[in-house]
Amino acid sequence: MFNLSFKNMCLATVSKKLRAQVFDHRYEKASCHSLTVQHEFIKNASLSGGNLRQTRLFYSASSFHAELQKDTSRQTNVHASDYLQANDEDTQIVLSTSMKVYDNFISQEEEGSILNEIEPYLRRLRYETSHWDDAIHGYRETERKHWTEKNKQILQRVKDLAFPPGVAPLAYIHILDLQKTGYIKPHIDAVRFCGDTIAGLSLLSSCVMRLTHEKDEAKYADILLKRRSLYIMKNVARYDYKHEVLPEEKSVFKGTVIPKERRISVICRNEP
Ligand SMILES: O=C(O)CCC(=O)C(=O)O
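Residues numbered from 1 in each chain as written. Predicted model: local features only at pLDDT ≥ 70, side-chain atom pairs only at ≥ 80, totals over all residues.

With an unreviewed UniProt entry as reference, the protein chain is termed Alpha-ketoglutarate-dependent dioxygenase AlkB-like domain-containing protein, source organism Potamilus streckersoni. Looking at the Cofactor (unreviewed entry) heading of the UniProt record, one finds this comment for the protein chain: "Fe(2+)". (UniProt positions renumbered as here; feature names shortened; annotations may be inferred.)

Right under this line is the structure:
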């Protein structure tokens, strides 16, 4: 076994790049129940004759694991089968790692705090009813850079989970207010404006998001986004699948109607 000073030495010598890799790895595993299994795997590799790199991985994974335990204390229902229903096996597999949903990511009180800050701005705007070929119907939107201290902390939790160290979030956070009758047509966010990750909080209402493979429309999945949940869409889900928010008449998940009310999404993206 390693003594404490060796552990400290290892932690001190872990390079920024290596930590970033581990963090990225942690991200992939963060929302699935096999994190502990993964952690054990790294630990065993390092203790059974593993090299220094593996040892470093183990210790950096340990510290990240501890941080993660703090982060996720309030999160529930992170099993993909709870929020993801795919039409085909490939989609179920690829989206269960690239499209994560964290139920109850924010509390009722935190939802109220964000709403108190953004509602005065939204109320000044009119809902837009777009032409048939536009992506969004029945919406108003704004962007916000500066937040109250309390809301800044909530949004920092989103960024900590969504973006590994070294990945720069966009300074402006997108706020999209969809009317009860509003919906978002299938699209892929422009790569010119946004990097590999889209992380969105759902306020005021649940909804169903559908992801459809860009090149094969027979491949799709419905994603249940509950009120106060956070979704993190990255990589394959972000680039290879179009996403849409279904209108209220199609708002059904696993045969259950999901009542869709006015919904506000607060969306963090990273730099392209
Ligand atoms: O409301 C959402 O969560 C999704 C928004 C969206 O599709 C977009 O802004 O591109």
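That was the structure; now back to the text.
A.B. asks: Would you mind showing me how to read the overall build of the protein chain here?
C.D. replies: Looking only at helices and strands, one finds nine helices and 12 strands in the protein chain. Counting over 272 residues, the protein chain shows a buried share of 34%. Sequence-distant contacts in the protein chain: of pairs separated by 6 or more residues, those separated by 24 or more amount to 80%. (Helix = DSSP H or I, 4+ residues; strand = E, 2+ residues; numbered from the N terminus. Buried ≥ 20, exposed ≤ 12 C-beta atoms within 10 Å, placed from the backbone. Contact = placed C-beta atoms within 7 Å.)

A.B. asks: What's the story with helix α6 (residues 89-98) in this structure? I'm lost.
C.D. replies: The periodicity of an α-helix, 3.6 residues per turn, causes residues three or four positions apart to be oriented the same way. Turning to α6, its buried residues are T91, V94, L95 and S98. The buried residues of α6 occupy an angular sector of 95° when projected down its axis, which confines them to one face. Those residues of α6 that are buried lie in contact with β1 (84-86), β2 (99-102), β6 (207-213), β7 (220-225), β8 (230-234) and α9 (235-239). (Arc of directions from axis to C-beta.)

A.B. asks: In this structure, what is going on with the pairing of β7? I would like to understand it.
C.D. replies: Put simply, side chains in a regular strand alternate between the two faces of the sheet. Among the six residues in β7, six count as buried, and that is most of the element. The side-chain alternation of β7 yields two buried faces, one formed by Y220, D222 and L224 and the other by A221, I223 and L225. Taken together, the three bridges between β1 and β7 define a ladder with antiparallel strand orientation. Counted as the bridge partner of Q85 is D222 from β7. In this sheet, β7 lies alongside β6 in antiparallel orientation, the contact comprising six bridges. Residue pairing across strands places C207 opposite L225, the latter belonging to β7. (Pairing = 2+ DSSP bridges.)

A.B. asks: In this structure, what is going on with the site of the ligand? I would like to understand it.
C.D. replies: The environment of the ligand is formed by L176, I184, D189, G200, H243, V245, S265 and I267. Mapped onto the shell around the ligand, the elements with two or more residues apiece are β4 (173-187), β9 (241-245) and β12 (263-269). A class-by-class count of the residues in the shell around the ligand yields four nonpolar, three polar and one charged. (Near = placed C-beta within 6 Å. Nonpolar A, V, L, I, M, F, W, Y, C, P; charged D, E, K, R; others polar.)

A.B. asks: What should I look at first to understand unusual backbone geometry in this one?
C.D. replies: Not every positive phi belongs to a glycine, and N104 is a case in point at roughly 50°. Checked against the element boundaries, N104 lands in the loop between β2 and α7 (108-122). Although it is not a glycine, L204 sits at a positive phi angle of roughly 75°. In this fold, L204 is placed in the loop between β5 (197-203) and β6. We classify L204 as partly exposed; it has 17 C-beta atoms within 10 Å.

A.B. asks: Help me out: how do you make sense of the environment of R157 in this one?
C.D. replies: Among the structural elements, R157 can be located in helix α8 (residues 149-162). Taking the number of C-beta atoms within 10 Å as the measure of exposure, R157 has 16 and is therefore partly exposed. The spatial distance from the C-alpha of R157 to the C-alpha of I106 is 9.6 Å, given a sequence separation of 51 residues.

A.B. asks: Just checking my understanding: could you explain the environment of N151 for this structure?
C.D. replies: With respect to the secondary-structure elements, N151 resides in helix α8. The buried category is assigned to N151, around which 20 C-beta atoms lie within 10 Å. When the C-alpha atoms of N151 and E110 are compared, they prove to be 7.7 Å apart, with 41 residues separating the residues in sequence. Residue contacts for N151: discarding those within four places in its chain leaves S113, I114 and E117.

A.B. asks: Any chance you could explain the packing of α7 against α8 here in plain terms?
C.D. replies: For any two helices packed against each other, the geometry is given by the interaxial angle and the distance between the axes. Interhelical geometry of α7 versus α8 gives an angle of 120° and a closest axis separation of 10 Å. With respect to each other, α7 and α8 are oriented oblique. Of the two possible hands of crossing, α7 and α8 adopt the one that is left-handed. Residues E110, S113, I114 and E117 of α7 form the contact with α8, whose own contacting residues are K150, N151 and I154. Its residues placed into classes, the contact of α7 with α8 shows two nonpolar, two polar and three charged. (Axes fitted to C-alpha atoms, helices over the stretch in contact; angles between N-to-C directions. Parallel < 35°, antiparallel > 145°, perpendicular 65-115°, else oblique. Left-handed = near helix turned anticlockwise from the far one by under 90°.)

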